[in-house]
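Observations on chain architecture
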Amino acid sequence: MSAPSRRLLRPSLVVALGVVAASILSGCTAAVPMQSADGANDPDCAQVVVHLPDTVGPDSDPQQRRETDAQGTGAWGTPSTVLLRCGVESPAISDLPCNDVQGVDWLSDDGPEDGDTFTFTTYGRTPAVQVVVSAEVGSTALFDLADAVGYLPEDGRGCVGVDDLPSVGDPADTSTDAPSESPAP
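Residues numbered from 1 in each chain as written. Predicted model: local features only at pLDDT ≥ 70, side-chain atom pairs only at ≥ 80, totals over all residues. Heavy atoms only, no water.

1. A short note on the overall build of the protein chain
Along its length, the protein chain carries three helices and eight strands. When the elements of the protein chain are put in sequence order from the N terminus, they spell out α-α-β-β-β-β-β-β-β-β-α. Residues classed as buried in the protein chain amount to 31% of the 185 residues present. Here the contacts in the protein chain between residues at least 6 apart in sequence split such that 58% fall between residues at least 24 apart. Here the protein chain has roughly 12,000 Å² of accessible surface; of this, 54% comes from carbon and sulfur atoms. (Helix = DSSP H or I, 4+ residues; strand = E, 2+ residues; numbered from the N terminus. Buried < 20%, exposed > 50% of the residue type's maximum accessible area, 1.4 Å probe, protein only. Contact = heavy atoms within 4.5 Å. Areas by Shrake-Rupley, 256 points an atom, 1.4 Å probe, with all protein chains shown as cover.)

Right, dumping it as structure tokens:
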């Protein structure tokens, strides 16, 4: 082979190897198929998505963020162990457990009987965010997502507990606060 032919072969070989490497790498990081929530096009969801962390989950096994194919979504882990959808309907008053995680209130649905996944939905923020996590990751992902979800505006509602209920007094107390009436003369 002549020297000019070798010079042309080298760049072609480099380009071909680059294409093969890109094909292999892109096959490993395929987008996670998801469905957008009805309100995913809300500008507040865009704020959440651009602030999503690169990793979530326990420090011992952090889950890496992956690309998704739907607006207002996020996914972590291979296979996916954390799925996020922004723009879901804000929940009404609920009897589900409600917990504050770094200033964000979450309703907790224990999920299916087998306990493999758990669903958390923000409470008191509109639009709402729903996060489905595997049992291995659990609620630790909520701590990692709190900053991003904190960009959603609060709507005035929040978790309440027994301590938030009005006091009715001690049931053994028979005194009343009503003014006493004096007998008419």
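What follows picks up the thread again.
2. Notes on the sheet that holds strand β2 (residues 63-66)
As a general point, the strands of a sheet are linked pairwise by backbone hydrogen bonds and lie either parallel or antiparallel. Strands sit in the order β1-β2-β3-β4-β8-β7-β6-β5 across an open sheet of eight strands; the sheet is antiparallel. Bordering the open sheet on either side are β1 (55-56) and β5 (98-101), each of which pairs with just one other strand. Where strand β6 (residues 104-109) meets strand β7 (residues 117-122), four bridges bridge the pair, whose relative direction is antiparallel. Counterpart to Asp-109 in the pairing with β7 is Thr-119. (Pairing = 2+ DSSP bridges.)

3. Some remarks on the side chain of Thr-81
On the secondary structure map, Thr-81 appears in the loop between β3 (73-76) and β4 (82-88). Setting aside residues no more than four positions away along its own chain, Thr-81 makes contact with Gln-63, Trp-76, Val-132, Val-133, Ser-134 and Val-137.

4. Observations regarding the state of the cysteines
Going through the model one piece at a time under the given rule, you end up with two disulfides. With a sulfur-sulfur separation of 2.1 Å, Cys-45 is cross-linked through a disulfide to Cys-86. Torsion about the S-S bond of the Cys-45 and Cys-86 cystine: about -80°, corresponding to left-handed handedness. Here Cys-45 is found in helix α2 (residues 43-50), whereas its partner Cys-86 is found in strand β4, with 41 residues between them in sequence. As far as burial versus exposure is concerned, Cys-45 and Cys-86 are alike and both buried. (Disulfide = S-S within 2.5 Å.)

5. Let's talk about the environment of Gly-39
In this fold, Gly-39 is placed in the loop between α1 (3-28) and α2. Under the relative-accessibility criterion, Gly-39 is labelled buried at 19%. For the pair Gly-39 and Glu-89, spaced 50 residues apart in sequence, the C-alpha to C-alpha distance is 7.5 Å. Leave out the neighbours within four places in its chain, and Gly-39 touches Cys-45, Cys-86 and Gly-87.

6. Topic: helix α3 (residues 140-149)
The complete set of buried residues in α3 reads Ala-141, Leu-142, Leu-145, Ala-146, Ala-148 and Val-149. Buried residues of α3, seen end-on, are gathered within an arc of 165° and therefore sit on one face of the element. (Arc of directions from axis to C-beta.)

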